[in-house]
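# Fold and contact review
Each chain is listed here by its residues.
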Amino acid sequence: MGPRGAHNEMMTAHPSQTPQTPARLKAVSLVVAALAVAGLCIILLAPPFEQWTSIGTSLPALHLLLELFAIVIATLVVTVSWHTFDAHYMRSANLLIAGFLIVGVCDLVHALSYDGMPAFLGPSSTPRAIFFWLMGRSVEVITLGLLALGWQPRLSRNQSLAVGAGLSALLVWVGSYRLDWFPATFVAGEGVTPFKVGYEWALFALNLGVAGLLIRRARVDDPTRCYLLAQSSLLIGLGELAFTTYHAPSEFANIFGHIYKLAAYALLYLATFNSSIRAPFDALRDSEQRVRESELRLRSLSNNLPHCMVYQVVRELDGSMHFVHVSESVEQITGVKAQDVLRDASLLYDRFHPDDIPLIRAAEEHSARTLQVFDFVARWRGVHGQMQWMHFFSAPRRMSDGRIVWDGVQMDITHQRADEESRRTLESQLRESQKMEAIGTLAGGIAHDFNNVLGSILGNLALAQDHVRKGASEGALQSLEQVRKASVRARDLVQQILTFSRKRAQQLVSQPLRPLIEDSLSMLRATLPARVTLETALSDKPLHVLADATQIGQVVMNLCTNAWQALHGSTGRISVGLDEVTLQPEAAREMGGLPAGDYAHMWVSDEGVGIDSALRERIFEPFYTTKPVGEGTGLGLSVVHGIVRSHHGGLMVESKPGDGSTFHVYFPKAKPAAEPAGASPGTEAPGQGQGKHVLYVDDDDLMAVMVEQLLKREGYRVSCYRDPIAALSALREVPDSFDIVVSDFNMPVCSGLEVAKEVGAIRPSLPVVISSGYVTDELQAEASKLGVRALLQKQNTLEDMPMLLYQVLGTGTGKTAQSTRAE
């Protein structure tokens, strides 16, 4: 047995019970106590009941009947305690098993030893009956006292039963064969002895003490159980007083004491039954009710979630899949009833887009192998055949038999995808709108730079003509060289404007950041006022990032334009820098939660008016501006923020009023892209045209004349047509006489794409190259569909066309190529 207090499980009421209120229990206990005391007083103070002795011959039978009831109840207490399955009361039940097994045995031998009963393990006598009575009451008060004190034995059911049986056997042996060891308790003709009276008073006092302890324990334990046990102890104690005054066992007080004992046993059984049997079953019933209510709530929740289905799918050992639960909302999403899906999983799997099924199977396999969350978005055929987007999110777990179970949800995100697409479209429109704003801001400077170029071209041409007339060929060559340089400068300026204003989907490509910055700054220098100094501090390290060249140019232009407009009177210095930094975790978090690592750090600083703290909090909001009406839309910095975010970078500003501002931009470093194999346009062709026949179509006379001379110089035969209709007619007459077709894209009669389409119809194997001054993404896509072999940036014709034709004719490639010089 464990020490007192080692296991005090009775200190806490069973969580499943709903006990009566303490006030009511106290009131009931007071009523029981009052009635018991009143009854005892009536019996003890009432005159002798004369008629009772006249039926003395029936006393053994009556006594045996009362004791049998008591024995049955004691047996029920042991039985109920034995079958307790609630661990909360397990050890207290084991104490009752041992204690009331002894009590039941003592009551049985007491009944059989009563004066007038047949001999049982010895002659019947009043002293022998009293011994077993006192032993039973002693064990009873000890058992209840230990319960009241919270002492619990470290014994199992079988051990408790063995202890009870052993002690019972010992008491039976002492009472039957060694009764002389026990003091005298009854003298015939005189009644009970003082020892017997004192013993009964001691039992009375102990039972009252136990009752008090149980009432006190009701504050922290199950009140109903404690008060029932307290009432039982009280009745037993009061009943003991009935056995202190009789002179013969046949007196009514003796029988009255047995009735009190029987009532006390009934209360004790009720307390034991409630805590050991009824309370656990009530808890089980309540638990089942809560489970049913929880199931109903979950079912209602899963069935009523909008555009959502809750499911549980099992993957068998053979790889087959079947659903074990599908919410009824599946019918709203698919038009198929839940019970049909449970019977045949293919009713759902067949709704996936055919192109997505292999991806889904691969994702399922990965989730089953790694037990990682299955998170997948797929296309789905809806109720009316329309295509929908479905998001599947489920957690896998492996069963003991090796099967995999996924618990998850399926959500219809078609509207969200549409909203995201609309948001991307609006963001693209926002950027394009801001581009036009920036172009308008720079238009004056660009026009000024272009006029300088045109002035240089016209002036040097006039000088060259004069040198030719005078026969000064050296001077003429020098002037023509200046014309060439000015033309290249004009071409580059136009290309920068086209690149900046190009409308295209974002294409993140690994490329060095410095050339992108330099290209943007070269156009910017032409637009800045003379009193604004543009300084650069660009690292020589090849800092590669995943970037869209057009959008990086927009970032540089917007930040520099913003810096220029912040200068006092358009006078001051703008600094643009680039270096490599390593952001530690704390610094990365300050950049908006970027991951720690290596970054390309670009900054733009100015000596302008600066920005106060209130403005810094709103500086990247769309349409927020402090400029006067007509001088800005407030989109510039908002677009910069959006572009940097789409590049997985960070943006922050440092500024104080009067001290200028510095904008810091961080782009994650990337690995350099692999160099493409083969020669690139712009390198010298390794051979001549070798008499290959070129059909050239261009409505521009100047370009046609120049290209004809260029290709003839390279050894090609050239047929030039200004009219694409005439060129196609010539091809139809002799389709095999041409080796390649080169066509301008933008022509009034028909476009270069239409020429390529007709050429494909006339002679599918004849290669076609399209030349354009503005190669867009749409043009590349359409040319690829028509099988166009290459696209040529028209402004690079002189440098790139010979090599490009050599590559197309030499390799016979069917892929769409493009002159890279334009980039």
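In what follows, the accompanying structure is described.

This paragraph deals with the overall build of the chain. Helices and strands together make up the secondary structure of the chain, namely 25 helices and 20 strands. A burial count over the chain gives 47% of its 823 residues as buried. Contacts spanning at least 24 positions in sequence make up 70% of the contacts within the chain whose residues lie at least 6 apart. Of the roughly 40,500 Å² that the chain leaves accessible, carbon and sulfur atoms contribute 59%.

Next up on the list: the nonpolar core. Residues Phe100, Leu134 and Met135 are the most contacted members of the largest nonpolar core, which totals 52 residues. Breaking this core down by element, the ones donating at least two residues are helix 3 (59-82), helix 4 (90-112), helix 5 (126-149), helix 6 (157-177), helix 7 (194-217), helix 8 (223-241) and helix 9 (252-304). Tallying contributions element by element places helix 5 first for this core, with 11 residues. Grouped together as the second largest cluster of nonpolar side chains are 39 residues, Val532, Ala547, Cys560 and Met602 included.

In this section: the side chain of Lys794. Assignment of secondary structure puts Lys794 in the loop between strand 19 (790-793) and helix 25 (797-811). Exposure remark for Lys794: the relative accessible area of 17% places this residue in the buried category. Side chain to side chain, Lys794 and Asp698 meet in a polar contact 3.1 Å long. Setting aside chain neighbours within four positions, we find Lys794 in contact with Asp698, Met703, Asp744, Ser771, Ser772 and Gly773.

Once that is clear, we can look at helix 17 (residues 549-566). Spanning 18 residues, helix 17 covers 26 Å between terminal C-alpha atoms, matching the ideal 26 Å at 1.5 Å per step. The buried fraction of helix 17 amounts to 16 of the 18 residues, a majority that puts the element mostly inside the structure.

Judged by side-chain polarity, Phe120, Leu121, Val163, Leu167, Leu170, Trp173, Tyr177 and Trp181 come together as a nonpolar surface patch covering roughly 780 Å² of accessible area. Here Trp181 shows up in the loop between helix 6 and strand 1 (186-187). Judged by its relative accessible area of 57%, Trp181 falls in the exposed class.

Here the focus is the sheet that holds strand 9 (residues 532-538). Think of a sheet as strands paired side by side through backbone hydrogen bonds, with each pair either parallel or antiparallel. Spatially, 5 strands are ordered 9-11-12-14-13 in an open sheet, and the strand pairing comes out mixed. Every interior strand has two partners, whereas the edge strands, strand 9 and strand 13 (650-655), have only one. Averaged over all pairs of adjacent strands, the angle between strand axes in this sheet comes to 15°, irrespective of strand direction. Relative to strand 12 (residues 597-606), strand 11 (residues 572-583) runs antiparallel, the two being bridged by 10 bridges. Paired with Thr582 across the two strands is Asp598, which belongs to strand 12. Relative to the sheet, helix 17 contacts strand 9, strand 11, strand 12 and strand 14 (661-668), its axis offset from that of strand 12 by approximately 35°.

This paragraph deals with the packing of aromatic side chains. Evaluated as defined, the whole model comprises 14 aromatic pairs. Taking the centre distance of 6.0 Å and the plane angle of 45° together, the rings of Trp380 and Phe392 count as tilted. With Trp380 in strand 5 (residues 374-381) and Phe392 in strand 6 (residues 387-398), this pair connects stretches of sequence that are 12 residues apart. Taken individually, Trp380 and Phe392 each receive the classification buried, so the pair is uniform in this respect. Positioned over the ring face of Trp133 is Arg137, at 4.5 Å from the centre of the ring. Over the aromatic face of Trp389 sits the side chain of Arg417, whose NZ or CZ is 3.9 Å from the ring centroid.

The next thing to look at is the environment of Ala549. Structurally, Ala549 is set in helix 17. What makes Ala549 partly exposed here is its relative accessible area of 29%. The sequence separation of Ala549 and Val509 amounts to 40 residues, and the corresponding C-alpha distance is 8.3 Å. Once residues lying within four places of it in the same chain are set aside, the contact partners of Ala549 are Gln511 and Leu516.

With that out of the way, let us pick up unusual backbone geometry. The phi dihedral of Leu371 falls on the positive side, at around 55°, and the residue is not glycine. Locating Leu371 in the fold gives a position in the loop between helix 13 (357-370) and strand 5. Take Leu371: its relative accessible area is 37%, and that puts it in the partly exposed class. One non-glycine residue with positive phi stands out, namely His648, at about 60°. Relative to the elements of secondary structure, His648 occurs in the loop between helix 20 (636-646) and strand 13.

Turning next to the packing of helix 5 against helix 6. Packing of helix 5 against helix 6 brings their axes to within 9 Å, and their N-to-C directions diverge by 155°. Classified by the interaxial angle, the pair formed by helix 5 and helix 6 is roughly antiparallel. Considering the relative orientation of helix 5 and helix 6, their crossing is right-handed. Here Arg128, Phe131, Phe132 and Met135 of helix 5 come into contact with helix 6, specifically with Leu171, Val172, Val174, Gly175 and Ser176. In the contact of helix 5 with helix 6, the residues fall into 6 nonpolar, 2 polar and 1 charged.

Calculation rules
- Counting of residues starts from 1 at the beginning of each chain's written sequence and follows it residue by residue.
- Residues qualify for local features only when their pLDDT is at least 70, as the model is predicted, and side-chain atom pairs are given and counted only at 80 or more; totals for whole chains, interfaces and linings, by contrast, use all residues.
- The basis for the side-chain values is all heavy atoms of the structure; hydrogens and waters are excluded.
- For helices the rule is a DSSP run of H or I covering at least 4 residues; for strands it is a run of E covering at least 2, with both sets numbered from the N terminus onward.
- Three labels apply to residues, based on accessible area from a 1.4 Å probe with only protein chains included: buried if under 20% of the type maximum, exposed if over 50%, partly exposed otherwise in between.
- In what follows, a contact means two residues having at least one pair of non-hydrogen atoms within 4.5 Å.
- Surface accessibility follows the Shrake-Rupley procedure with a 1.4 Å probe radius. Residue values consider only the protein chains on display as shielding.
- As used here, the term nonpolar core means buried Ala, Val, Leu, Ile, Met, Phe, Trp, Tyr and Cys residues forming a set that is joined through side-chain atoms within 4.5 Å.
- Distance and chemistry together define a polar contact, namely a pair of N or O atoms within 3.5 Å, with one atom able to donate a hydrogen and the other to accept it when in protein, and with adjacent residues in sequence counting only for side-chain atoms on both sides.
- Helix span, expected: 1.5 Å multiplied by one less than the number of residues in the helix.
- Here, patches come from residues exposed beyond 30% relative accessible area and free of salt bridges, joined within 9 Å for like charges and within 5 Å for nonpolar side chains (Val, Leu, Ile, Met, Phe, Trp, Tyr).
- Salt bridges are defined by distance alone: a side-chain nitrogen of Lys or Arg within 4 Å of a carboxyl oxygen of Asp or Glu.
- Between any two strands, at least two bridges found by DSSP are needed for them to pair.
- Between N-to-C directions, angles span 0 to 180 degrees; the directions come from axes that are lines fitted to C-alpha atoms, helices contributing only their stretch in contact.
- Put simply, two rings from Phe, Tyr or Trp (the six-membered ring, in Trp's case) pair if the centres are within 6.5 Å, and we call them stacked under 30 degrees between planes, edge-to-face over 60, tilted for the rest.
- The rule for a charge over a ring is simple: NZ of Lys or CZ of Arg within 6 Å of the ring centre, and within 35 degrees of the ring normal.
- Orientation is classified from the angle alone, with under 35 degrees giving roughly parallel, over 145 giving roughly antiparallel, 65 to 115 giving roughly perpendicular, and any other angle giving oblique.
- For any helix crossing, the convention is left-handed if the near helix is rotated counterclockwise from the far helix by under a right angle, and right-handed if that rotation is clockwise.
- Throughout, the ten residues Ala, Val, Leu, Ile, Met, Phe, Trp, Tyr, Cys and Pro are labelled nonpolar, Asp, Glu, Lys and Arg are labelled charged, and all others, Gly among them, are labelled polar.

Scope: geometric values only; no functional claims are made or implied.
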